[in-house]
Structures are given as C-alpha cells and as structure tokens.
There are 2 protein chains.
Amino acid sequence: MTLSDVAREAGVSLATASRAINGSANRTVRADLRDRVLAAAAQLRYTPDANAQAMARGRTTSLGLVVHDIADPYFSSIAAGVARAADRAGLQVTLASTQHDPSRESGLVDLLKRQRARAIVIAGGRLDDEATNDELRAALADYRSVGGSVALIGQPILGVDSIVVDNAQGAGDLAKALHGRGYRRFAILAGPADHLTACERRDAFRGALAELGSPVPDDAVITSTFTHEGGEDAMRALLRRGELPELVFAVNDVMALGALAAGREAGIRVPQDVALAGFDDISTLRDVVPALTTVRIPLVDVGIAATELALADASDEPRLTHVPTQVVLRDSTPGL
Amino acid sequence: MTLSDVAREAGVSLATASRAINGSANRTVRADLRDRVLAAAAQLRYTPDANAQAMARGRTTSLGLVVHDIADPYFSSIAAGVARAADRAGLQVTLASTQHDPSRESGLVDLLKRQRARAIVIAGGRLDDEATNDELRAALADYRSVGGSVALIGQPILGVDSIVVDNAQGAGDLAKALHGRGYRRFAILAGPADHLTACERRDAFRGALAELGSPVPDDAVITSTFTHEGGEDAMRALLRRGELPELVFAVNDVMALGALAAGREAGIRVPQDVALAGFDDISTLRDVVPALTTVRIPLVDVGIAATELALADASDEPRLTHVPTQVVLRDSTPGL
DNA sequence: TTGTATGCGTTATCAC
DNA sequence: GTGATAACGCATACAA
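Just so it is clear, the model here is predicted, and its values are computed rather than measured.

Criteria and cut-off values
Residues numbered from 1 in each chain as written. Chains lettered and ligands numbered in written order. Predicted model: local features only at pLDDT ≥ 70, side-chain atom pairs only at ≥ 80, totals over all residues. Heavy atoms only, no water. Near = heavy atom within 4 Å. Polar contact = N/O pair within 3.5 Å; in protein donor to acceptor, adjacent residues only side chain to side chain. Helix = DSSP H or I, 4+ residues; strand = E, 2+ residues; numbered from the N terminus. Nonpolar A, V, L, I, M, F, W, Y, C, P; charged D, E, K, R; others polar. Core = buried A, V, L, I, M, F, W, Y, C linked by side-chain atoms within 4.5 Å. Buried < 20%, exposed > 50% of the residue type's maximum accessible area, 1.4 Å probe, protein only. Contact = heavy atoms within 4.5 Å. Pairing = 2+ DSSP bridges. Axes fitted to C-alpha atoms, helices over the stretch in contact; angles between N-to-C directions. Arc of directions from axis to C-beta. Domains from an automatic or database assignment. Salt bridge = Lys/Arg side-chain N within 4 Å of Asp/Glu carboxyl O. Phe/Tyr/Trp six-rings, centres within 6.5 Å; stacked < 30°, edge-to-face > 60°. Buried area = accessible area lost by both parts, 1.4 Å probe.

## A few points about the protein's contact with DNA strand D
Leu 3 and Tyr 46 of chain A together with Thr 16, Arg 19 and Leu 33 of chain B are the nearest of the 28 residues found near DNA strand D. Separating a phosphate oxygen of DNA strand D from a backbone N or O atom of Arg 30 of chain B is a distance of 2.7 Å. Mapped by element, the contributors of at least two residues to the surface near DNA strand D are α2 (14-22) and α4 (50-57) of chain A together with α2 (14-22) and α4 (50-57) of chain B. Across the surface near DNA strand D, the residue classes break down as 14 nonpolar, seven polar and seven charged.

## A look at the nonpolar core
Considering soluble globular proteins, one finds that nonpolar side chains tend to be buried as a cluster. Counting residues in hydrophobic clusters, the biggest one holds 147 residues, and the most contacted among them are Phe 205 of chain A together with Phe 205 of chain B. Residues in contact with Phe 205 of chain A, not counting those within four places in the same chain, are Ala 171, Leu 174, Ala 175, Leu 178, Phe 186, Ile 188 and Phe 249 of chain A.

## Quick word on the sheet that holds strand β8 (residues 247-250) of chain B
Residues and elements named next belong to chain B. Read from one edge to the other, the open sheet built from four strands follows the order β7-β6-β8-β9, with strand pairing classed as parallel. Looking along the sheet, the strands with just one partner apiece sit at the ends: β7 (221-223) and β9 (275-277). Neighbour to neighbour, the strand axes of the sheet diverge by 20° on average, direction disregarded. Pairing of strand β6 (residues 186-191) with β8, which is carried by four bridges, proceeds in the parallel orientation. Residue pairing in the sheet places Phe 186 in a bridge with Leu 247 of β8. Against the sheet, helix α10 (residues 228-240) touches β6, β7 and β8, its axis set at about 145° to β6.

## Here we look at α2 of chain A
Residues and elements named next belong to chain A. Those residues of α2 not exposed but buried are Thr 16, Ala 17 and Ala 20. The buried residues of α2 occupy an angular sector of 100° when projected down its axis, which confines them to one face. Buried residues in α2 make contact with α1 (3-10) and α3 (31-43). Looking at the residues trailing α2, positive phi occurs at Gly 23, about 60°.

## As for the domain arrangement of chain A
Residue and element names in this part refer to chain A. Split by domain assignment, chain A resolves into domain 1 (3-57), domain 2 (62-164 + 300-323) and domain 3 (167-297). Here the C-alpha centre of domain 3 lies 28 Å away from the C-alpha centre of domain 2. Across the domain 2-domain 3 interface, the total number found is zero salt bridges. Linking domain 2 with domain 3 are four residue pairs in polar contact (both at pLDDT 80 or more). Among the residues forming the side of domain 2 that touches domain 3, the class breakdown is five nonpolar, three polar and three charged.

## As for the packing of aromatic side chains
All names here are of chain A. In total, this model carries six aromatic pairs over all chains according to the counting rule given. Taken together, a centroid distance of 4.1 Å and an interplanar angle of 25° make the contact between Phe 205 and Phe 249 stacked. With Phe 205 in helix α9 (residues 196-211) and Phe 249 in strand β8 (residues 247-250), this residue pair connects regions lying 44 residues apart in the sequence. A single burial state applies to Phe 205 and to Phe 249, both of which are buried. Connected via pairs of aromatic rings, a cluster forms that spans Phe 186, Phe 205 and Phe 249.

## Re the interface of chain B and chain A
Each partner contributes residues to the interface: chain B has 50 residues there, and chain A has 50 residues. Taken together, both faces of the contact between chain B and chain A bury some 4,500 Å²; the carbon and sulfur share is 53%. Per-residue buried area on chain B facing chain A is highest for Asn 51, Arg 114 and Asp 287 of chain B; these three make up 14% of the total on that side. Across the pair Arg 116 of chain A and Asp 49 of chain B runs a salt bridge whose closest N-O atoms are separated by 3.6 Å. Inspection of the chain B/chain A interface yields 16 residue pairs in polar contact (both at pLDDT 80 or more).

Dropping the structure here:
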C-alpha cells in the first residue's frame, strides 16, 4: 500500500503517481494517466503516509495546543475554537496537557518541536515565576528558531504573538456594575498570588472599588489555587472568618462553583445570604439557577484568533490582539 | 541540528550517535562515547525528528481521539482521561473533531490512518444509520488492516473493542428512584430517534416506569437533537402542550441545561413547578443550585479505560468492558 | 508531460 | 563495541 505499489499497478512511474495523487505545483498529469493512478490507488486502498510526506516536504500538517486541563471548560472552549480553525486550515490538532503542572509546558513545547508541528498555541495562564517562564521562553525560542510559529493566550510576557484578554477592564467594569447595584462590602477569592491573570482581575476589581469608596480590606482577599478546589478552600476560609461580606468575587467561574459548593455545605444560600460573581462566562453555567454574574470572554473566538495568529506570516515583532470582555449581570447578584 | 551533525561534532558515527541518544535494544555504547554524544547533542540543541523516527521505526507515538465537540463537557471529560492515559504511555494525543457531523467520523479515521496513529479512541455516540456506520466500519477495518488498533466508547456495534456504558441499567435505576420519591407523571426529552445511547436511556426509563405502573404516554416523549439547543427546543414543545408533568427526564445533562433555560424563559421554576433529571453527571454542574439529579458516568475513567483498551495487545475477537453507572439524587427532584 | 535519481533524518542490519 | 550502509515512503530537481 505504498505509492510505489500504486505506480506499478497503474503502470506509471513513482513520480507520476505522486503528482497525480497529491498534485504538484506546476507539473500536471495527463488525464488518462491520472485516472489510472487514481483507480489503482482506490483499488489498493492506498493512503499516503503523512510522516513520509512530512519528511519529504519538510513540513507537517499538525498544530500543537498546550493546555493545563482539557476537562476545564475554560480550556475546552478554547480548544473547540482551535479545533475549528485548524480544521479550516487543513491541520491536525495535537493536544498537549500539563495536567495542572505549569513547569511541564516547556517540555511539551519540546515534544511538539520534535513532531515538527507547524505552529503552537499555548492556552495556559502565565505565572509570575521567572524560572518557569525563562524555561518556556527558551523552549519557544528554540522551536521558533527551526521555523515554528507560536501564539500565546494570556499575558504577552514571552515575546511572542499573543491574544490578550482585557482582564483589568472586565474586572473593573464588574466592580462598578456591582457597586451600582448597591453592594459595598466585598470579599475576593483571588487565586494564586503568582498567577498573572488572577492578579490582574483581583487588582482591577479592588482598584475600581477603592476609587468608588468601597475598598476591599486585605483580610477579605483570600488566595488559593485557580481551580474548583481552590474556590472551595477559599470560601471555607472566608466563612471561618465569621462575618459574611455582601458579595464574593471569585476570579474565575470554576472557582465560583467551588465557592458555591462550600457555601452550600455551610448552609449559605446564593444570593439570599451572599451574592456571588465569577469570571469567564463558562457556557455550561449560563442556564443554572441562580444564574451566575460574570465577565464574558468569547473563549471559542479566542481559540480561533489564536490559531489564526499562529498561522499568520511571521512578523519581526510580537503582535498583540486585544480581546474585549463584557460584564454579564445575572441573578446571583440581584442587588441590595 | 540533525543526528549527523551531532555525530560529527562528537566525532563518532551516525550509528553510535543514534544508539547513544535513543538507546538500542541489545547494542550498548561505551560510557565515554555516550557522554560525548550527549554533550554534543545538548550543545547543538539537537531534537530528534519524530517523523523520521516514525518512518525508520515503522510506528508512531501518537494516539487519535475522535469526538463530536470538545467543548461539550461529556467529551472534554473523556478527553482528559485519554490525555492522562496517553501521557502515561508516552503517546501524543491527536484530537479529531467532527464538529457535530457524525458522517465525518470515517474521514477522520482515514486522516488518523494517514498519520499512522498507533491507536484510535472513538468517543462519539453511534447512530442507527447503517450507511454512516458501514462507512465507519470500513474505515476502521482499513485502519486495523495496517496494524492500527481501535477502542470505541458506546454501543459495541462496530465489531471493535468497546467501552460499554450501562445506560439501560442507569436509566432504569433512575426511574425507580424517582418513582420511589413519589413522582408519577413524567415527560422525556428523548434526543434523536436514531441516537442509540439516547434510545437506550429513553427506553429503559420508560420500561421501568411502565413496570411500576406509571407508563409515560407517547406524546410526553419528545425528540430533539442531543444538544443544549435540543433540550431547549424539546422543553418548549413540552410547555406548549399545556399541562406540565411532575418530572422531566432529559437524556443527558447538557439537554437538561437547555430545558432549564427554556423553563426559566417561560417562568417555570425547578423544582417547585417541575422536577428535572439528567444523565452523565457533568462535573461542572455538581455544585449548581438546584443540584441536578442525574446518573453518574465516570467519564474520566471511561477515557482512561478506552485508551488502555486500545493500547492492549490485539485480540481476535472484540473485547467489551462494561462501565457501571450510579444514580445521584439531588435537589432538582426533591420528591412529592 | 513523464521518468530517474536523490534526499529528507532515523533506525536497523550487517560486517568489522 | 563501533561503523558503513541499506531501508522507510514520499517529493522534487533534473534529465529526457
């Protein structure tokens, strides 16, 4: 079932068979020969070997996607966008998951480099950890030095093309909107102290409230992991403090979910006992009761944009694409 | 940055460099030579070319995963399991998405065959559509004839190793449990008439209720797509019928979500006005209020099991692994 | 337009 | 234990 078999069966040379099947740039094949080749290929159930093609052509048809956890709706929505855009571009998606360990990203980039993936989209959030970032930066430089192109989703600190979500604007807008609904006493489930996205959201939220005259006290800002479990832990810590705020802001929806679980466990109802807001607008949550107030990020579009950015012609300096966010007020923050 | 460069730099032959870096079965390399090679490789930032290795070795290190939509929590949870198991086995995951078009599955299998993926996991649900199934069967036979192995998640109708979720048992158990909570008048948002999983769940649920003396009338069984939108449409159709049942069973959680949306739109509260149950136990929904009664499928484990099944030594006849389900009663069905 | 020959980067089979 | 060298399957520069 190799191309040679097809050529022999069709009574033509290997070159002609190749040109007939995969079409050549300027060479063209006589119709009758082409038909014979195609017929032979069909009869022998021939399938080109993508690895051999990759070798001969010097480029592959695969695109790498690096995420922390594909089960997280944030990443799976982005992945859906990447899958769609890659499909349109005729590329296969290779999924690389760190399983929640940011330090694995650079290793995954190396892996994708071995595969000679044509482009890489990195969806995981950046940490304020120079060692890890340097490692990743090095791996990316390495990958790009052999012709690969990269797009990053998140903070543009790696010197590569990036899709930048406007977290600060969104969190600020959210704070104002909630203040407008009468809330004055807030707590923040803030995520990890070194997680840049988490920090952006926290700081902008806090900053906007301070400007509005409702500053969030330090002890109402609780760090945790960026996960469901982190939301649970942080909410429990908050509850242990005694006095409940009027509104709890979790820096992402999955954490808000964790907070909901911890709250329910303690008999706290949302929004009757405390209001709750998140960030991301995970689609699975759009219909639950009470509907969660959040800041929408068009995640599927972000995935598409990142893929297109990675596939665009290389430019000498990093391009940044800003993605606007949008506050979505729902029942979890009915107002006071 | 090819192996030849490394060999030259280290002053050894290509063969020795290869053996030093990627190890050989029985051949072993003298320590000092090996160190020289490794040093040269590090200095030149050499990375093996996976495509060339694949050609030379005759096998790749990639595993294909076919889904309908990676943004759907059902598939993304399975994907997380597949990713984890593949990682443990040292394999890369190639994600192939039909974008909701079952007839594309066979084409994706062809694509994965071209890539010479070592194994394929097919996660999409089967339809009662012989044309499509035959096509997929043919593509799989083709793929297996060149040494590929396959595992299917769902109905074992394709003659390949399969992970079989016990939908009937789960749906039957659910019906009994709900009947036990006092419900007598049911409606079913049944999904597509030709979707085997949907049918299994619908029929088992209905059958169990009939046995219990609370049969579900035909006009209370509403077909739709297997999606969120399908749940919405079906719920709207149900509401148009006028009289509300005591409990609505959506054949999957995502559809239940759609039903919730349609219900809210019409001012129907769950569970006060109508109780609601789903199927799958999507993890994102475990904490929402009201918590959704459902049937748990250990989706991540299913993904792991499917991967391991696909990677196991080939057997002459299809192996079936049955996965138990578990009814989870929550607040959306408090009982009458 | 078609065919021949070479190379892509590795592994594996031989001799040494 | 090491080193030439022939595959692997295909694309393409070059010759016809």
